[in-house]
Amino acid sequence: FLDEMGSVFRAVKKRDILLHFPYQSFDYLIRFLMEAAFDPKVDEIKITQYRVAENSAVINTLISAAQNGKKVTVFVELKARFDEENNMSTAERMEQAGIRIIYSIPGLKVHAKVAVILRKDTEDGCKRREFAYLSTGNFNEKTAMLYADCGLFTCNPKITKDLYTLF
């Protein structure tokens, strides 16, 4: 269905889409973020970072989005066991690119894997719609090929409003 629609946004407007990794491609998430990075109707991207791959396509796409004038916010969990150093270095790279970084809260571990994209939904830009991706797995294209996880694309306002306020 995602391939038939040509655009992840167009597909998600029609219905929620549940993916199951590694049986389906993680590239759909990368495509979702890439569309957001270059879509003139997208104003804002918010995402959590728990574990990402080295030289992450997710991080590179977020940097591209910021360079394209999108407002990008990333919540970085610093207590991702064994990935603290990678998370710090990617956070520094993102900050240098103009991305707003929210560092984890001492004493509270955030294990959420969510992304929210705010997009103009009408030609005049007056109405906006939030698109979201929620996952049981990390935003890590390498481990997505190994572990069994689920990811949900949705624009259901009952879900997206809550996620937007998370940030």
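Residues numbered from 1 in each chain as written. Predicted model: local features only at pLDDT ≥ 70, side-chain atom pairs only at ≥ 80, totals over all residues. Heavy atoms only, no water.

A. Just the overall build of the chain, in detail. Per the secondary structure count, the chain includes six helices and seven strands. Secondary structure of the chain in N-to-C order comes out as α-α-β-α-β-α-β-α-β-β-β-β-α. Scaling as 2.2 N^0.38, a compact globule of 167 residues should have a C-alpha radius of gyration of about 15 Å, and the chain matches this with 15 Å. For the chain, the proportion of its 167 residues judged to be buried stands at 51%. Within the chain, contacts between residues at least 6 apart in sequence are counted, and of these 73% link residues at least 24 apart. (Helix = DSSP H or I, 4+ residues; strand = E, 2+ residues; numbered from the N terminus. Rg over C-alpha atoms; globule rule 2.2 N^0.38 Å. Buried < 20%, exposed > 50% of the residue type's maximum accessible area, 1.4 Å probe, protein only. Contact = heavy atoms within 4.5 Å.)

B. Local environment of the side chain of K46. Structurally, K46 can be placed in strand β2 (residues 42-49). In this structure K46 comes out as buried when scored by relative accessible area, which is 7%. One polar contact links K46 to E44, side chain to side chain, over a distance of 3.0 Å. (Polar contact = N/O pair within 3.5 Å; in protein donor to acceptor, adjacent residues only side chain to side chain.)

C. Highlighting a nonpolar patch on the surface. Taken together, M145, L146 and Y147 make up a surface patch of nonpolar side chains, about 390 Å² in accessible area. For Y147, the location among the structural elements is in the loop between β6 (128-135) and β7 (149-154). With relative accessibility at 49%, the residue Y147 sits in the partly exposed group. (Patch = residues over 30% accessible without salt bridge, like charges linked within 9 Å, V, L, I, M, F, W, Y side chains within 5 Å. Areas by Shrake-Rupley, 256 points an atom, 1.4 Å probe, with all protein chains shown as cover. Salt bridge = Lys/Arg side-chain N within 4 Å of Asp/Glu carboxyl O.)

D. Highlighting the sheet that holds β2. The strand order across the open sheet formed by seven strands is β1-β7-β6-β5-β2-β3-β4, and the pairing between neighbours is mixed. Each edge of the sheet is formed by a strand with only one pairing partner; in this case those strands are β1 (17-21) and β4 (100-103). The mean angle between the axes of side-by-side strands here comes to 10°, regardless of whether they run parallel or antiparallel. Here helix α4 (residues 57-67) sits on the sheet and contacts β2 and β3 (71-76); the angle it forms with β2, its principal contact strand, is near 150°. (Pairing = 2+ DSSP bridges. Axes fitted to C-alpha atoms, helices over the stretch in contact; angles between N-to-C directions.)

E. View of the confidence of the model for the chain. The predicted model of the chain has a mean per-residue pLDDT of 90, with 96% of residues at 70 or higher. Ranking the helices and strands of the chain by mean pLDDT puts helix α3 (residues 27-38) first, with 97, and helix α5 (residues 84-96) last, with 87. (pLDDT = per-residue confidence, 0-100.)

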